[in-house]
Amino acid sequence: MEIEKLIEKCCELPGISVIYDKEDVCLKYNDKNDIGYMKFIQVFEGVTLAYIEIDAFRWPAPALDEISDLKRGPFIINYCVEGRCELLLNDDNYVYVTDKQISLSENYAMNNYIYPGHMYHGLELFIDLENAVKNDFLSEVFGIDLKAIAKRYCSDSKTYIAASSSDIANEFNALWELYKQDEFSYSRMKAYVLSVLVCLSQPMVIGRKVPGTFYTKAQVAIAKDVERILTSDISIHHSAKELAKMYAISESSLKNYFRGVYGKNISEYMNKFRMQKAADLLENTDESILEIGEQVGYQNQSKFAAAFRKYYEMTPRQYRIHKKYLNRNA
């Protein structure tokens, strides 16, 4: 699928607008407090680089499944600089990509891109294989066979996710730093993209697939339902054993689904959730520290203070005084 058609489909979605420049196209998403940018730059014929900067929980995906003759999307090479992305692909699997991972796929996202941490920075190479292979510059001068790369990693029509090698990570990170500079160099951008493609032309340079990145709809639904139960009333502590029994699955399966979807185990996730809620209450209410501790699941004030100090490196009382001082002098 040509990138122009993909951008055109994106522009049909609510909240997305397009800004055209001489060298690039920028999609902007703005919906209440959610905002994001995708900047597309054609590097070579059939090869387009996208800079992705998201401060949102979601980014709507176009309904590519409505295109009757589309069996596969463009060949996409994705590198996550920072954050975590959830995608439901057209093969009916959920996949997760997180910090410093690379993914290669000819599948495409359904409905939405989801960012559980409300933040994502990344780069994507969109490759229209039919047009890109006509580029003698890539194949004859640099020996880059894009169809061979796609076949090597996606021969089973599955998405390939792995930790990036240091060579590829260095090139992608250099591309990201280039994006942040006041003077953007298109020639340096092309050089970095060439280096990435040359690296990927080497057999299995990015290593084996990362385990635990693919989940079914049912497994993801369980993880998200468990998260809703855990966070709806954090004064209550639910054990993993108790929750697993509700869904007739093993405790280890429940923990695996949750870690796969949220990138943290249940105790880490809930500790962060409790501490952030406590910090908000300390700053924005006059409730006592004892009352706040009970609201976030601590009946013992000393245990609450110890947990809070470990997370924020100050006691609840010190945190409240510090925030009041900052607010007065803002």
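Residues numbered from 1 in each chain as written. Predicted model: local features only at pLDDT ≥ 70, side-chain atom pairs only at ≥ 80, totals over all residues. Heavy atoms only, no water.

> Before we move on, can you summarise the overall build of the protein chain with the specific residues and values?
Check the secondary structure of the protein chain and you find 13 helices and twelve strands. When the backbone C-alpha atoms are referred to their principal axes, the protein chain occupies close to 70 × 55 × 40 Å. A total of 330 residues make up the protein chain; the buried ones form 48% of that total. Looking at the protein chain alone, contacts between residues at least 24 apart form 67% of all its contacts between residues at least 6 apart. Carbon and sulfur atoms make up 49% of the accessible area of the protein chain, which amounts to about 16,900 Å² in all. Each charge class in the protein chain can be summarised by its mean position, and for the 40 positive and 46 negative side chains these summaries are 7 Å apart. (Helix = DSSP H or I, 4+ residues; strand = E, 2+ residues; numbered from the N terminus. Buried < 20%, exposed > 50% of the residue type's maximum accessible area, 1.4 Å probe, protein only. Contact = heavy atoms within 4.5 Å. Areas by Shrake-Rupley, 256 points an atom, 1.4 Å probe, with all protein chains shown as cover. Lys, Arg positive; Asp, Glu negative; His and termini not counted. Charge placed at Lys NZ, Arg CZ, Asp CG, Glu CD.)

> Describe in detail the side chain of Asp24, supporting the description with residues and values.
Residue position: Asp24 is located in strand E2 (residues 24-31). Within the structure, Asp24 has its side chain in polar contact with the side chain of Tyr186 (distance 3.3 Å). When sequence neighbours within four positions are dropped, the list of residues in contact with Asp24 reads Ile19, Lys39, Phe40, Ile41 and Tyr186. (Polar contact = N/O pair within 3.5 Å; in protein donor to acceptor, adjacent residues only side chain to side chain.)

> Could you give me a rundown of the pairing of strand E9 (residues 109-114), with the residues and numbers involved?
Sheet analysis places strand E5 (residues 58-60) next to E9, joined by three bridges and oriented antiparallel. Residue pairing for E9: Pro60 is matched across the bridge by Asn112. In this structure, strand E6 (residues 75-89) lies alongside E9, joined through three bridges in antiparallel fashion. Paired with Glu86 across the bridge in E9 is Ile114. (Pairing = 2+ DSSP bridges.)

> Now, about the confidence of the model for the protein chain: what can you tell me, with residues and values included?
Summing up the model confidence of the protein chain, the mean pLDDT is 88 and the portion of residues at 70 or higher is 95%. When the elements of the protein chain are averaged for pLDDT, helix H1 (residues 3-10) gives the smallest value, 80, and helix H11 (residues 289-295) the largest, 96. (pLDDT = per-residue confidence, 0-100.)

> How would you summarise unusual backbone geometry if you had to cite specific residues and measurements?
Despite not being glycine, Lys32 shows a phi value in the positive range, around 60°. Structurally, Lys32 is set in the loop between E2 and strand E3 (34-44). Of note, His118 is a non-glycine position whose phi angle comes to about 60°, a positive value. Locating His118 in the fold gives a position in the loop between E9 and strand E10 (120-127).

> Lay out the pairing of E3 in plain terms, naming residues and giving numbers.
Among the eleven residues in E3, eight count as buried, and that is most of the element. By the bridge criterion, eight bridges tie E2 to E3 in an arrangement that is antiparallel. What sits directly across from Asp31, in E3, is Asp34. Here E2 folds back onto E3, and the loop between the two strands holds two residues, one of which, Lys32, carries a positive phi near 60°. Where E3 lies against strand E4 (residues 47-55), nine bridges are found, and the strand directions are antiparallel. The residue bridging Gly36 from the neighbouring strand is Ile54, located in E4. In this structure, the hairpin formed by E3 and E4 is closed by a connection of two residues, where Gly46 is found at a positive phi of approximately 80°.

> Tell me about the nonpolar core, residues and numbers included.
Grouped together as the largest cluster of nonpolar side chains are 44 residues, with contacts concentrated most on Tyr51, Ile77, Leu104, Leu146 and Leu200. Not counting the four nearest positions on each side in its chain, Leu104 is found in contact with Phe75, Ile76, Ile77, Ile149, Tyr153, Cys154, Lys158, Thr159, Tyr160, Leu200 and Ile206. Membership of the second largest hydrophobic core comes to 35 residues, among which are Ile266, Tyr298, Phe304 and Tyr319. (Core = buried A, V, L, I, M, F, W, Y, C linked by side-chain atoms within 4.5 Å.)

> Could you give an account of the pattern of salt bridges, naming the residues involved and the relevant values?
Summed over the entire model, instances satisfying the criterion amount to eight salt bridges. Taking the shortest distance from any N to any O, the salt bridge between Lys9 and Glu12 comes out at 4.0 Å. Judged by its relative accessible area of 54%, Glu12 is exposed. Two residues, Glu130 and Lys147, come together in a salt bridge whose shortest N-O distance is 3.6 Å. Of the two residues, Glu130 sits in helix H2 (residues 129-132) while Lys147 sits in helix H4 (residues 146-154), which places them 17 residues apart along the sequence. (Salt bridge = Lys/Arg side-chain N within 4 Å of Asp/Glu carboxyl O.)

> Summarise a nonpolar patch on the surface; cite the residues concerned and give the values.
A cluster of nonpolar side chains, Phe137, Val141, Phe142 and Val198, forms an exposed patch at the surface whose accessible area comes to about 330 Å². By residue number, the principal contributor to the nonpolar patch is helix H3 (residues 136-142), which donates three residues. Among the structural elements, Val141 can be located in helix H3. (Patch = residues over 30% accessible without salt bridge, like charges linked within 9 Å, V, L, I, M, F, W, Y side chains within 5 Å.)

> Help me get a handle on the packing of aromatic side chains, residues and values and all.
Within the structure shown, the criterion is met by 22 aromatic pairs. Aromatic pair Phe308 and Tyr319: ring centres 5.3 Å apart, planes at 80°, arrangement edge-to-face. Remark: Tyr319 occurs in helix H13 (residues 316-328) and Phe308 occurs in helix H12 (residues 301-312); sequence separation between them is eleven residues. The same class applies to Phe308 as to Tyr319, namely buried. Ring geometry for Tyr311 and Tyr312: centres 4.8 Å apart, planes at 70°, overall edge-to-face. Relative accessible area serves as the criterion here: at 33%, Tyr311 is assigned to the partly exposed category. (Phe/Tyr/Trp six-rings, centres within 6.5 Å; stacked < 30°, edge-to-face > 60°.)

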